[in-house]
Amino acid sequence: MEKIDRLGWAAGIAFVSYGLRIGIRASSPQILDRLQGLLPPNAKPARGPRVECLYSLIVRGTKVGSNVRRFNILYADAVPLARTKDTDQVLEALEMDLQLYVAERARRRVFVHAGVVGWRGRAIVIPGRTMSGKTTLVRALVRAGATYYSDEYAVLDERGRVHPYPKPMSVRENGGGRPMKILPEALGGTTGVRPLPVGLVVATSYREGARWRPRRLSPGRAVMELLAHTVSARRDPERAFATLRSATAVATVIKGARGEATEIADVLLGRLSEQEGRGS
Amino acid sequence: METTRALMPRARQDELVVEELPDETLVYDLKRHKAHCLNRTSALVWQHCDGRTTVAEVAALLERQLKIPADEAVVWMALDRLGRAHLLREQVTLPAERARYSRREVLRTLRRAAGISLLLPVIESIVAPRAAAQASCVTASVCLAAATPSCLGGMPICSQPGQCCRAQGQSCVVKKC
């Protein structure tokens, strides 16, 4: 028994997310309500207590009778993840690690770091690193009438279809700082519910003043482009190759720097509509 | 056309994941966590790296299958690139007269063939990302709160491109990725 297991735990939850059984235990039952909002989309309560990964959250708050704030500590199994007096920070660290754990180890799904919208029965996937402007482009596409699927991960099944990962959009207005959560409904959009085949992959990042002149990638380079943003690329490259190949089998994959998102949103939707018209 | 009796080296087979596409071959190197995309020419050369076939025979094969002029320079160029990508079992030593071959010289040699730039042996490589590199960024304050040894898996820092959460001694700091 680990030393951490001997501490007193007041509350806990166990849930299943993308086939993974995960538990979170906390030293204070008051924190449970806030934990619910941090879970990955589609997380369902687990039936039994057995889990593959157990997060332990020691929330200490302010010492009774004084103004001294004490450290909150987060562990993943027995490994310390965060130690801070700010409860919001420790919860942010938990949410990030939880999300990444699921994205890397999900059973039967491959997670690509990407924004996704749906348009006339096909998905537009926008892979990219953090701060490449994915969310900005997703917002522009949703404002232009596309259906919101995700601004964080393209969740692909073995047939290459994209499933919704419906977390609110995470917008950082000033670059840094804590993100604002925006629901697609606030932009006049809706959230997708059905898996969609990929119609268009747009590998792009924002460059001030850039003119949109994308080039089309070959099937092999298309897979490489997505692999460069695949969370489980190192853990299971064989499955990643096969899934990405299925995803790009009927998709057009283009790459290029973009200027303002609003300038290309209509262009991308138009391109996908044209493809649909041609039946490809 | 110059010909040599040099034998093809043997292709590496261990710790590789190979996915064949109609015109390209994808290879994942489990040892180095690198992925490679071989175009048709380099894939065809790699397929014949068996330690028995001669370089001249492979050059002739390229001519038959890809309509590339049967010049060994193309094969040597492909072998050089395959070697650099660690896709061969043994190191390739180019013949003295081949060692100076550049892409431009091979292009000059192959000028006669149409669309030749598409037929040059090309290997595009990427380093497969670590999982943490595919997370949204964290604020610097969350990074400083992270506990070693994980430092949130080295996640990138918001508003500071190229900076990640990294371990330094007993604590986590914002450092170059």
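Scroll up for the structure.
A few points on the structure. (Residues numbered from 1 in each chain as written. Chains lettered and ligands numbered in written order. Predicted model: local features only at pLDDT ≥ 70, side-chain atom pairs only at ≥ 80, totals over all residues.)

### Comments concerning the interface of chain B and chain A
Move 1: Counting residues at the interface gives 35 residues for chain B, matched by 41 residues for chain A.
Move 2: When contributions to the side of chain B that touches chain A are tallied by element, the ones reaching two or more residues are β1 (16-20), β2 (25-29), β3 (34-38), β4 (123-127) and α6 (140-145) of chain B.
Move 3: Top element by residues in the side of chain B that touches chain A is α6(B). It accounts for three residues.
Move 4: Of the residues contributing to the side of chain B that touches chain A, the split by class is 23 nonpolar, eight polar and four charged. (Contact = placed C-beta atoms within 7 Å. Helix = DSSP H or I, 4+ residues; strand = E, 2+ residues; numbered from the N terminus. Nonpolar A, V, L, I, M, F, W, Y, C, P; charged D, E, K, R; others polar.)

### Some words on the sheet that holds strand β1 (residues 11-17) of chain A
Residues and elements named next belong to chain A.
Move 1: Read across the sheet, six strands follow the order β3-β1-β2-β4-β5-β6 without closing on themselves; strand pairing throughout is mixed. For this open sheet the edge positions go to β3 (44-45) and β6 (79-84), each flanked by a neighbour on one side alone.
Move 2: Taken together, the five bridges between strand β2 (residues 20-26) and strand β4 (residues 53-58) define a ladder with parallel strand orientation. Bridge pairing links Arg25 to Ser56 in β4. (Pairing = 2+ DSSP bridges.)

### Regarding the sheet that holds β2(B)
Move 1: Read from one edge to the other, the open sheet built from four strands follows the order β1-β2-β3-β4 (chain B), with strand pairing classed as antiparallel. Across the chains shown, the open sheet's two edge strands, defined by having one partner strand only, are β1 and β4 of chain B. With direction set aside, neighbouring strand axes in the sheet form an average angle of 15 degrees.
Move 2: Summarising the sheet, β1(B) and β2(B) pair through five bridges and their orientation is antiparallel. Within β2(B), the residue paired with B:Leu16 across the bridge is B:Asp29.
Move 3: Strands in contact with helix α4 (residues 219-227) of chain A are β2, β3 and β4 of chain B; relative to β3(B), the strand with the most contacts, it is inclined by about 165 degrees. (Axes fitted to C-alpha atoms, helices over the stretch in contact; angles between N-to-C directions.)

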